[in-house]
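# Chains, contacts and geometry: an overview
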Amino acid sequence: RTLKMKKIAVVLLALMMCFALAACGTPSPSDAVAAELDVAKDDPDMFAGSTAFTDAGLNQEASDILYEKFLDFEYVIGDETIDGENATVEVTIKTYPLGDIFEDVFTSLISQIMSDPTMDVDTAMSDLLIEKISAAEKTYEQTVTVDLVMSDGQWQVQTNDDIVNALSGGMNDFVNNMDSLLA
């Protein structure tokens, strides 16, 4: 049962890693980061779409709302530092606290399963996610340092766990803490 929650979390994190594949050459490191984030926000076709979540056990309504919130983030570009062929850009990302939502769903689901071991886990998980995500507001905010490398005259964003965690609203934190939730 925890495998399904892990599958959904992994799908979210994998989708965020796709953002690195949309490398786009631009004049400055800040422009490169903004272009990457804009592609991630505005071109949902670059991701697998909400079907990735249905494949992990969510119903279509839950998949659609999760995907919608997943793509609905804001960002502010901060300081930029260039050191030869390397650069860093500070970015503040604001999004939905998906990691906290998944933790709430996970603990509620475990409690429900203990009360009724015959329940339909996929339906219960979908219903809980719809409830929690529908009520969510953009309260997750994290500032991350984005590393870039000059390649063939273009700045290329180097994806790291901090970026993925920020864009996914703390999903890395959730996945890393899952074992402690089971204790």
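Everything here concerns the structure above.
Residues numbered from 1 in each chain as written. Predicted model: local features only at pLDDT ≥ 70, side-chain atom pairs only at ≥ 80, totals over all residues. Heavy atoms only, no water.

### Things to note about the packing of helix H4 (residues 60–71) against helix H6 (residues 121–135)
Pairs of packed helices are described in terms of their axes, by the angle between the two and the distance that separates them. Closest axis-to-axis distance for the H4/H6 pair is 9 Å, and the angle between their directions is 35°. When you trace H4 past H6, the crossing you get is left-handed. Each of Glu-61, Ala-62, Ile-65, Leu-66 and Lys-69 in H4 lies in contact with H6, whose residues at this interface are Ser-126, Ile-130, Ile-133 and Ser-134. For the contact of H4 with H6, the residue count by class is five nonpolar, two polar and two charged. (Axes fitted to C-alpha atoms, helices over the stretch in contact; angles between N-to-C directions. Helix = DSSP H or I, 4+ residues; strand = E, 2+ residues; numbered from the N terminus. Left-handed = near helix turned anticlockwise from the far one by under 90°. Contact = heavy atoms within 4.5 Å. Nonpolar A, V, L, I, M, F, W, Y, C, P; charged D, E, K, R; others polar.)

### Some points on the sheet that holds strand S4 (residues 154–158)
Sheet architecture is open: four strands sit in the order S1-S2-S3-S4, paired in antiparallel fashion. At either margin of the open sheet sits one strand with a lone partner, and together these are strand S1 (74–83) and S4. If you compare each strand with its neighbour and ignore which way they point, the axes differ by 30° on average. Sheet strands touched by helix H2 (residues 29–42): S1, strand S2 (86–95), strand S3 (140–151) and S4. Its angle to S1, the strand with the most contacts, is close to 150°. (Pairing = 2+ DSSP bridges.)

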